[in-house]
Amino acid sequence: NEEQFVVSSMVSTHTFEYTIMATVFSLTPTLGSGGNELNIVGNAFANSSDLRCLFNSTSVPALYVSSARLKCVVPNLDGAFPSSVLVAVSNNGVDVEGDWAEVRFNY
């Protein structure tokens, strides 16, 4: 009497992309209010629909100009004035890059 065992397995594939971490070098202007257009100079910005600028934890869409330049509209600040916030970039809308540089925008 022979028994047969069938083992089935599910194979999952994942794609990983390794990129250079985006870095924020400077902002212009560094002082303003919500609604101002902000120019960001840095390195390794991705031309992606997921590209974002972060003002502390507030995320806004970024406009890709080049791998070294972005534009964002400064979000309105909820809180006390004056205030200084960290500005960072996310190339994929998830991972925050460049926040270690401590480049700040002042309201």
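See the structure above.
Caption draft 1: A look at the state of the cysteines. By the definition in use, this model includes one disulfide. Across a sulfur-sulfur distance of 1.6 Å, Cys53 and Cys72 are joined as a disulfide pair. Because the torsion about its S-S bond is 40°, the bridge between Cys53 and Cys72 counts as right-handed. Highlighted residues: Cys53 in strand β3 (residues 52-55) and Cys72 in strand β5 (residues 69-73), separated in sequence by 19 residues.

Caption draft 2: Molecular detail of the sheet that holds strand β1 (residues 23-28). Spatially, β1-β2-β5-β4-β3-β6-β7 is the arrangement adopted by the seven strands of the open sheet, whose pairing is antiparallel. With partners counted over all chains shown, the strands left at the sheet margins are β1 and β7 (104-106), one partner each. With strand direction ignored, the average angle separating the axes of adjacent strands in the sheet is 35°. Pairing of β3 with strand β4 (residues 58-66) involves four bridges; the strand directions are antiparallel. Looking across to β4, one finds that Arg52 is bridged to Pro61.

Caption draft 3: Structural view of the nonpolar core. If you look at the biggest cluster of nonpolar residues, it comprises 21 residues, and the most contacted ones within it are Leu27, Ile40, Phe55 and Phe105. Counting only elements with at least two residues in this core, the list comes to β1, β2 (37-43), β3, β4, β5 and β6 (84-90). Among the elements that take part in this core, β6 stands out by supplying three residues, more than any other. Once residues within four sequence positions are removed from consideration, Leu27 is found in contact with Leu38, Asn39, Ile40, Val87, Val103, Arg104 and Phe105.

Caption draft 4: Just the environment of Ala101, in detail. Mapped onto the secondary structure, Ala101 falls in the loop between β6 and β7. The exposure class assigned to Ala101 is partly exposed, which follows from its relative accessible area of 28%. C-alpha separation for the pair Ala101 and Ala88, spaced 13 residues apart in sequence, amounts to 8.4 Å.

Caption draft 5: Geometry of the environment of Ser59. Turning to its location among the elements, Ser59 is positioned in strand β4. Judged by its relative accessible area of 33%, Ser59 is partly exposed. A C-alpha to C-alpha distance of 8.6 Å links Ser59 and Gly93, two positions 34 residues apart in sequence. In this structure, Ser59 is in contact with Arg52, Cys53 and Leu54, ignoring residues within four places of it in sequence. Polar contacts involving the side chain of Ser59 include one to the side chain of Arg52, which spans 2.8 Å.

Caption draft 6: Region of interest: the packing of aromatic side chains. With the rule as written, the count across this model stands at two aromatic pairs. Summarising the aromatic geometry, the rings of Phe55 and Phe105 are spaced 6.3 Å apart at their centres and angled 90° between planes, so their arrangement reads as edge-to-face. Of this pair, Phe55 sits in strand β3 while Phe105 is found in strand β7, placing the two residues 50 residues apart along the sequence. The exposure class of Phe55 is buried, given its relative accessible area of 3%. Given the relative accessible area of 0%, Phe105 is considered buried.

Criteria and cut-off values
Residues numbered from 1 in each chain as written. Predicted model: local features only at pLDDT ≥ 70, side-chain atom pairs only at ≥ 80, totals over all residues. Heavy atoms only, no water. Disulfide = S-S within 2.5 Å. Helix = DSSP H or I, 4+ residues; strand = E, 2+ residues; numbered from the N terminus. Pairing = 2+ DSSP bridges. Axes fitted to C-alpha atoms, helices over the stretch in contact; angles between N-to-C directions. Core = buried A, V, L, I, M, F, W, Y, C linked by side-chain atoms within 4.5 Å. Buried < 20%, exposed > 50% of the residue type's maximum accessible area, 1.4 Å probe, protein only. Contact = heavy atoms within 4.5 Å. Polar contact = N/O pair within 3.5 Å; in protein donor to acceptor, adjacent residues only side chain to side chain. Phe/Tyr/Trp six-rings, centres within 6.5 Å; stacked < 30°, edge-to-face > 60°.

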